[in-house]
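# Analysis of the macromolecular model
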Amino acid sequence: MRETRSDGELLRAIAADGDRRAFEELYRRYAPWLTARLRGRCADAGVVDDVVQETFLAVWRGTARYREEGSTADAAGWLWRIGSRRLIDTLRGDGARGRLRQALSRLRHRDEDSAEERVLASVEHGDLAGALTRLSPELRAVLQATVIDGLTTREAAVLLGIPAGTVKTRALRARKQLREALA
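Criteria and cut-off values
- Residues numbered from 1 in each chain as written.
- Predicted model: local features only at pLDDT ≥ 70, side-chain atom pairs only at ≥ 80, totals over all residues.
- Heavy atoms only, no water.
- Helix = DSSP H or I, 4+ residues; strand = E, 2+ residues; numbered from the N terminus.
- Buried < 20%, exposed > 50% of the residue type's maximum accessible area, 1.4 Å probe, protein only.
- Contact = heavy atoms within 4.5 Å.
- Areas by Shrake-Rupley, 256 points an atom, 1.4 Å probe, with all protein chains shown as cover.
- pLDDT = per-residue confidence, 0-100.
- Expected span 1.5 Å × (residues − 1).
- Arc of directions from axis to C-beta.
- Core = buried A, V, L, I, M, F, W, Y, C linked by side-chain atoms within 4.5 Å.
- Salt bridge = Lys/Arg side-chain N within 4 Å of Asp/Glu carboxyl O.
- Axes fitted to C-alpha atoms, helices over the stretch in contact; angles between N-to-C directions.
- Left-handed = near helix turned anticlockwise from the far one by under 90°.
- Nonpolar A, V, L, I, M, F, W, Y, C, P; charged D, E, K, R; others polar.

The number of helices and strands found in the chain is 10 helices and zero strands. Scored against the burial criterion, the 183 residues of the chain give a buried share of 36%. Put simply, 53% of the contacts in the chain that link residues at least 6 apart link residues at least 24 apart. For the chain, the exposed area adds up to about 11,600 Å²; of that, 50% sits on carbon and sulfur atoms.

Attention shifts here to the confidence of the model for the chain. Regions with low pLDDT carry predicted coordinates that are not meant to be interpreted in detail. On average, residues of the chain carry a pLDDT of 78, and 74% of them reach 70 or more. For residues 69-73, every residue scores under 50 in pLDDT, and the model assigns this stretch three contacts once sequence neighbours within four places are set aside.

With that out of the way, let us pick up helix α3 (residues 45-61). Its 17 residues place the ends of α3 24 Å apart at the C-alpha level, agreeing with the 24 Å of an ideal helix rising 1.5 Å per residue. The complete set of buried residues in α3 reads Val47, Val48, Val51, Val52, Thr55, Phe56, Ala58 and Val59. With its buried residues spanning 165° around the axis, α3 presents them on a single face. At the C-terminal side of α3, Gly62 shows a positive phi close to 85°.

Now for the nonpolar core. In this structure, Leu26, Tyr30, Leu38, Val52, Phe56 and Val59 are the most contacted members of the largest nonpolar core, which totals 25 residues. For this core, the secondary structure elements donating two or more residues are α1 (7-17), α2 (20-39), α3 and α4 (75-91). In terms of nonpolar packing, the next biggest core, distinct from the first, is built from 11 residues, Ala145, Ala156, Ala157 and Ala171 among them.

The full count for this structure, using the stated rule, is six salt bridges. A salt bridge links Asp7 to Arg29, with the shortest nitrogen-to-oxygen separation between them at 2.5 Å. Of this pair, Asp7 sits in helix α1 while Arg29 is found in helix α2, placing the two residues 22 residues apart along the sequence. Given the relative accessible area of 19%, Asp7 is considered buried. Exposure remark for Arg29: the relative accessible area of 29% places this residue in the partly exposed category. The salt bridge partner of Arg20 is Glu24, with a shortest N-O separation of 3.2 Å. One end of the pair, Arg20, and the other, Glu24, are both in helix α2, four residues apart, so they sit about a helical turn from each other. Residue classification places Arg20 among the exposed residues on the basis of a relative accessible area of 57%.

Take the packing of α2 against α3 next. Where α2 contacts α3, the axes come no closer than 10 Å and their chain directions differ by 145°. Along this stretch, α2 crosses α3, giving a crossing that reads as right-handed. In this structure, α2 contributes Arg20, Phe23, Leu26, Tyr27, Tyr30, Ala31, Leu34, Thr35, Leu38 and Arg39 to the contact, and α3 contributes Ala45, Val48, Asp49, Val51, Val52, Gln53, Thr55, Phe56, Val59 and Trp60. Across the contact of α2 with α3, the residue classes break down as 14 nonpolar, three polar and three charged.

Have a look at this one:
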């Protein structure tokens, strides 16, 4: 009889070796659960099935990185965050990133950088980038969800698995710390 591997072992095997058996075991373990949870958020079974497939493709391709942090790591919660974010993006037409990509594609024919391109460059390379990296991961995640991804407080709460009030509190703390760092 074969010993059952832990979630962390499966994810490490997938990331390190592209272990197909580990991936299949993880899929069998979590796909039905993720499907059931997502169907509670979306009545369109086709959309839910696509989102589940996209979630596991991100795991297989390595575009979603699992960071095991001692005993507090939770593969189910990690998969839920990926799946719920993908569902929100699908339902919102790829969210803020999609709208930004569309706006940038319309402006590409111009010789000068667009305002969006200048802002993104300053975020990636300017003082703001340094201030963002100094925020705690929890505060940075809230800013990512609410500001960059354009999610509502409620959507961010679902995505991050925290209460809406906590999202609001962390957003206020993050903005305050950014103002102080950039002053």
